[in-house]
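Summary of the model geometry
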Amino acid sequence: MASLLDPDARGRVILVGAGPGDPGLLTVRAVEALRLADVVVHDGLIDDRVLALAPGTAQRISVAKRRARHTLPQEAINALIVAHVRAGSVVVRLKGGDPFIFGRGGEEVEAVRAAGLAVEVIPGVSAALGCAAEAMLPLTHRDHSSAVTFVAGQCKGLTDQDWSGLAGQGRTLVIYMGVATAEAIADKLMADGVAPDMPVAVLEKGTLPGRRALRTLLADLGAMVAREQVASPAIIVVGEVVELSDAEDRLAGYARVAESVGSLSA
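A few points on the structure. (Residues numbered from 1 in each chain as written. Predicted model: local features only at pLDDT ≥ 70, side-chain atom pairs only at ≥ 80, totals over all residues. Heavy atoms only, no water.)

Quick word on the sheet that holds strand 2 (residues 39-42)
Just so we agree on the cut-off: DSSP calls a pair of strands paired once it identifies at least 2 bridges connecting them. Numbering of helices and strands runs from the N terminus; a helix is a DSSP stretch of H or I covering at least four residues, while a strand is a stretch of E covering at least two. Working convention: axes come from line fits to C-alpha atoms, limited for helices to the stretch in contact. Angles between N-to-C directions cover 0 to 180 degrees. Residue contacts follow a heavy-atom distance rule, with two residues in contact if any of their heavy atoms lie within 4.5 Å.
If you trace the five strands from one edge of the open sheet to the other, you get 3-2-6-1-7, paired in parallel fashion. The two strands at the open ends of the sheet, each matched to only one other strand, are strand 3 (59-62) and strand 7 (118-122). Across the sheet, the mean angle separating the axes of adjacent strands is 20° when strand polarity is ignored. Pairing of strand 1 (residues 12-17) with strand 6 (residues 90-95) involves six bridges; the strand directions are parallel. Bridge assignment links L15 to a residue of strand 6, and that residue is R93. Packing of helix 4 (residues 105-114) onto the sheet brings it into contact with strand 1, strand 6 and strand 7, and relative to strand 7 it is tilted by some 160°.

Here's the deal with the nonpolar core
As a rule of thumb, nonpolar side chains are buried together in soluble globular proteins. As a reminder of what qualifies: We define a nonpolar core as any set of buried Ala, Val, Leu, Ile, Met, Phe, Trp, Tyr and Cys residues linked to one another through side-chain atoms lying within 4.5 Å. Whether a residue is buried, partly exposed or exposed follows from its accessible area with a 1.4 Å probe, protein chains only, as a fraction of its type maximum: under 20%, in between, or over 50%, in that order.
Counting residues in each nonpolar core, the largest one holds 24 residues, and the members touching the most others are L189, I236 and V238. Of all the elements, helix 6 (residues 182-191) adds the most residues to this core, at four residues. The next biggest cluster of nonpolar side chains, apart from the first, holds 19 residues, and it includes A30, V31, A33 and A58.

Some details on the side chain of H84
On the secondary structure map, H84 appears in helix 3 (residues 74-86). Apart from residues lying up to four places away in sequence, H84 is in contact with V39, Q59, I61, S89 and V91.

Fair warning: the whole summary comes from geometry, so function is off the table for now.
Below is the structure:
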């Protein structure tokens, strides 16, 4: 089957992962797709330098989403995409990170296919991978972690999620969309048996101007997010691998307090 990137093919959707923010992390195929776009339907956090890669004649439509405030519900976004494709446009649906990791890309693919239209997905560097690499934080490591799990910190409410066994010794847990619920996340993990002195990193605005990589202990996570006024986008990494990162300690006397908390939890 011919690639949907054929410039002569009209009336189709290309779902493109824009990566965590830095335009330099776009794939070559993503850039090719943007250059073909008649319409770009994009998330709110897409860098202007990425949007500039589309032709000047391309229509740019923001469907920005924020916590508790969506410009358009998902069903309306699906309908918008389908309508433009049916009009014969090449629609690039541009998403932060990777479309299939907490990006609702699967829902949009289903909607396009249900309408009988052509769709292609171009993966992107996920926020977890891009931000962790920038902070020199290996999500897996032979000596520290043989498994990594991605979860959403506000997907259908924390009470609906079972995280038992996802964090702890030899495992790494990466939490998307967890800033607003950081204190509840820490309480949930400690109630599930994760040690209060487990190292935690918060990677804020990764690969973007103003980025920060902060490190503390699980017991201090909620307090640190409040103290440092951490804002989205940010991911939370829980696990021993955090100690290997370049993140800055944000708990006074980090090593001393870690030893103290560790002795209490022993």
